[in-house]
Amino acid sequence: MARFQMELPTDLMKDIETLEKNSKKIFGEMTKAGAEVVEKNMTNNAPNDLKSHIKISKTYDTPTDGGVNTKVYISGYIPFSDPNRKYFSRSGGSGKTYRSTEGVPASFLAQLYEYGRSTAPFPKKPFMRKSFRKAEIEAAMMKAQKEASGGIIDE
Amino acid sequence: MNELIETILANFTVDKEVIPVSYMHYEGHGEPYVVYMQQDADNSLSGDDELIGYVDYYDFDVYAKGNYLNIVESLKSILKANGFVWQVSRSSQDMYETDTGYYHKTLNFAYLKEEN
């Protein structure tokens, strides 16, 4: 019976080994690059009182699916504009009441800007969803992939 | 665009009740209603360094103090029949305002437009 045997070039073997060893790092850099684009867009689009509350997380593992992730999130509180105001409260989904004395949670305010509400003392000003520009995010991730892989993966 | 939406949703009726539809803002008195506004726009198609087509994204906010699911389904149905494409990831979760008693859901739709 005819037989065929082929040996992979050493360079290619080394590249594959490098990619295998560094896959988590490469994926991590990619998610970080994508998140940085979203963070930048969100900060540009957000109302002034929320700009400084937009943050980016550390890159972390997600054990349930064996992946890595980097989050953009909104944290902190907006101080009460009325000096006599003592606390902010709202009902949670489970019927519990959430109360804060530090100010209005920035994440709550962000949702009001994004989706509005019926009484609208507050103009609806969506800024989060429009910050996820797919082409821009993908381009940043591809660039990070090339850099993190030492140029082994290009596109 | 607003004219098109107003035409499509003129006399928007769900379960024999006419649902008011208004641009940006509605002064209600407890009845269910829908407000709409442009949420975003994005380049879609270019040629010879010119914009040929783009996508308009519109939010339709449904407010109701009772069961609003039929309104949501009717709205989706009538807009889809008129060339709008429902954007699941741009639509909101179900929301509830404890102080007013209004349920609220934001539905987002895309509409492809040609640049003349």
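Report on the accompanying structure. (Residues numbered from 1 in each chain as written. Chains lettered and ligands numbered in written order. Predicted model: local features only at pLDDT ≥ 70, side-chain atom pairs only at ≥ 80, totals over all residues. Heavy atoms only, no water.)

Take the packing of helix H1 (residues 10-45) of chain A against helix H4 (residues 134-148) of chain A next. Residue and element names in this part refer to chain A. The interhelical angle for the contact between H1 and H4, taken along N-to-C directions, is 145 degrees, at an axis separation of 8 Å. Here the hand of the crossing between H1 and H4 comes out right-handed. For the pair formed by H1 and H4, the contact residues are Lys 25, Ile 26, Glu 29, Met 30, Thr 31, Ala 33, Gly 34, Val 37, Val 38, Lys 40 and Asn 41 on the first element and Glu 136, Ile 137, Ala 140, Met 141, Met 142, Ala 144, Gln 145 and Ala 148 on the second. Of the residues assigned to the contact of H1 with H4, the class counts are eleven nonpolar, four polar and four charged. (Axes fitted to C-alpha atoms, helices over the stretch in contact; angles between N-to-C directions. Helix = DSSP H or I, 4+ residues; strand = E, 2+ residues; numbered from the N terminus. Left-handed = near helix turned anticlockwise from the far one by under 90°. Contact = heavy atoms within 4.5 Å. Nonpolar A, V, L, I, M, F, W, Y, C, P; charged D, E, K, R; others polar.)

Let us look at the environment of B:Ser92. Secondary-structure assignment places B:Ser92 in the loop between strand S6 (85-86) and strand S7 (95-96). Relative accessible area serves as the criterion here: at 6%, B:Ser92 is assigned to the buried category. For the pair formed by B:Ser92 and B:Asp59, sequence separation is 33 residues and the distance between their alpha carbons is 9.8 Å. Setting aside its immediate chain neighbours within four residues, B:Ser92 contacts A:Tyr115, B:Lys105 and B:Thr106. (Buried < 20%, exposed > 50% of the residue type's maximum accessible area, 1.4 Å probe, protein only.)

Positive phi outside glycine occurs at B:Asp15, with the angle close to 50 degrees. Structurally, the position occupied by B:Asp15 is in the loop between strand S1 (13-14) and strand S2 (17-18).

At the junction of the two partners, chain B supplies 22 residues and chain A supplies 13 residues. Summed over both sides, the interface between chain B and chain A buries roughly 1400 Å², with carbon and sulfur atoms accounting for 44% of that surface. In this structure, the salt-bridge partner of A:Lys124 is B:Asp59, at a minimum N-O distance of 3.1 Å. For the pair chain B and chain A, the interface holds nine residue pairs in polar contact (both at pLDDT 80 or more). For the side of chain B that touches chain A, the secondary-structure elements that each account for two or more residues are strand S4 (33-47), strand S5 (50-64) and strand S8 (103-114) of chain B. (Buried area = accessible area lost by both parts, 1.4 Å probe. Salt bridge = Lys/Arg side-chain N within 4 Å of Asp/Glu carboxyl O. Polar contact = N/O pair within 3.5 Å; in protein donor to acceptor, adjacent residues only side chain to side chain.)

With the rule as written, the count across this model stands at 14 salt bridges over all chains. As a salt-bridge pair, A:Glu114 and A:Arg129 come within 2.6 Å of each other at their nearest N and O atoms. Of this pair, A:Glu114 sits in helix H3 (residues 106-115) while A:Arg129 sits in the loop between H3 and H4; the two residues are 15 residues apart in sequence, bridging distant segments of the chain. Each member of the pair A:Glu114 and A:Arg129 is classed as buried. For B:Lys105, the salt bridge identified is with B:Asp94, shortest N-O distance 3.1 Å. Here the residue B:Lys105 occupies a position in strand S8, and B:Asp94 occupies one in the loop between S6 and S7, the gap between them amounting to eleven residues. Owing to a relative accessible area of 49%, B:Asp94 belongs among the partly exposed residues under this scheme. Through salt bridges that share partners, A:Glu114, A:Lys124, A:Arg129, B:Asp59 and B:Asp61 make up one connected network.

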